[in-house]
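What follows is each chain in one-letter form.
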Amino acid sequence: MKFKVTSKEIIFQVCLHLMVFLFYSFDKRNPTFDLQHAAFFLNYAAGALFITYFALPRFYNNKSYSQFFLWCIASIISVILIEELFLEKIFFPGARANTVQI
């Protein structure tokens, strides 16, 4: 089975991600746009798109469920590591250091 991405699929994905980003980034308490929202959202979207367009067609559709599961876990772990090791240090420097008092 050959997996082909059409232009309609690309337009749908772009519109869907823009709508989800708008709902994710704006709220009642903070109605402004922040760069940190875009960076965190792009990290999550990249993980979801990786699973959707790489892992699903290559492993799940070919009934390689264990490999699909491993690639999904690797994708989730990489999203978490990127967020914790890079994005939080860039956008919230010093937020984790010296905050615990014993």
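The preceding data block contains the structure.
Residues numbered from 1 in each chain as written. Predicted model: local features only at pLDDT ≥ 70, side-chain atom pairs only at ≥ 80, totals over all residues. Heavy atoms only, no water.

Peer 1: I keep staring at the packing of helix H2 (residues 35-60) against helix H3 (residues 65-91) and nothing clicks. Help me out?
Peer 2: Helix-helix packing is described using two parameters, namely the angle between the two axes and the distance between the axes. Axis separation between H2 and H3 bottoms out at 10 Å; the angle between their running directions is 165°. It follows that H2 is roughly antiparallel to H3 by the angle criterion. Seen along the crossing, H2 lies across H3 with a hand that is right-handed. In the contact of H2 with H3, the residues fall into 19 nonpolar, 5 polar and 2 charged. (Axes fitted to C-alpha atoms, helices over the stretch in contact; angles between N-to-C directions. Helix = DSSP H or I, 4+ residues; strand = E, 2+ residues; numbered from the N terminus. Parallel < 35°, antiparallel > 145°, perpendicular 65-115°, else oblique. Left-handed = near helix turned anticlockwise from the far one by under 90°. Nonpolar A, V, L, I, M, F, W, Y, C, P; charged D, E, K, R; others polar.)

Peer 1: What is the right way to look at the packing of aromatic side chains in this model?
Peer 2: Any aromatic ring pair is given by two values, namely how distant the centres are and how the planes are angled relative to each other. This structure, assessed with the given rule, holds 10 aromatic pairs. Between the aromatic rings of Phe40 and Phe92, the centroid separation amounts to 6.2 Å while the plane-to-plane angle is 35°, which identifies the pairing as tilted. Linking Phe40 in helix H2 with Phe92 in the segment after H3, this pair joins segments that are 52 residues apart in sequence. For Phe40, a relative accessible area of 8% corresponds to the buried category. (Phe/Tyr/Trp six-rings, centres within 6.5 Å; stacked < 30°, edge-to-face > 60°. Buried < 20%, exposed > 50% of the residue type's maximum accessible area, 1.4 Å probe, protein only.)

Peer 1: Quick question: what am I supposed to make of unusual backbone geometry here?
Peer 2: Apart from glycine, the bulk of residues carry a negative phi angle, and the bulk of peptide bonds sit in the trans form. You will see that Lys63, though not glycine, has its phi angle at about 60°, which is positive. As for its placement among the helices and strands, Lys63 is situated in the loop between H2 and H3. Judged by its relative accessible area of 63%, Lys63 is exposed.

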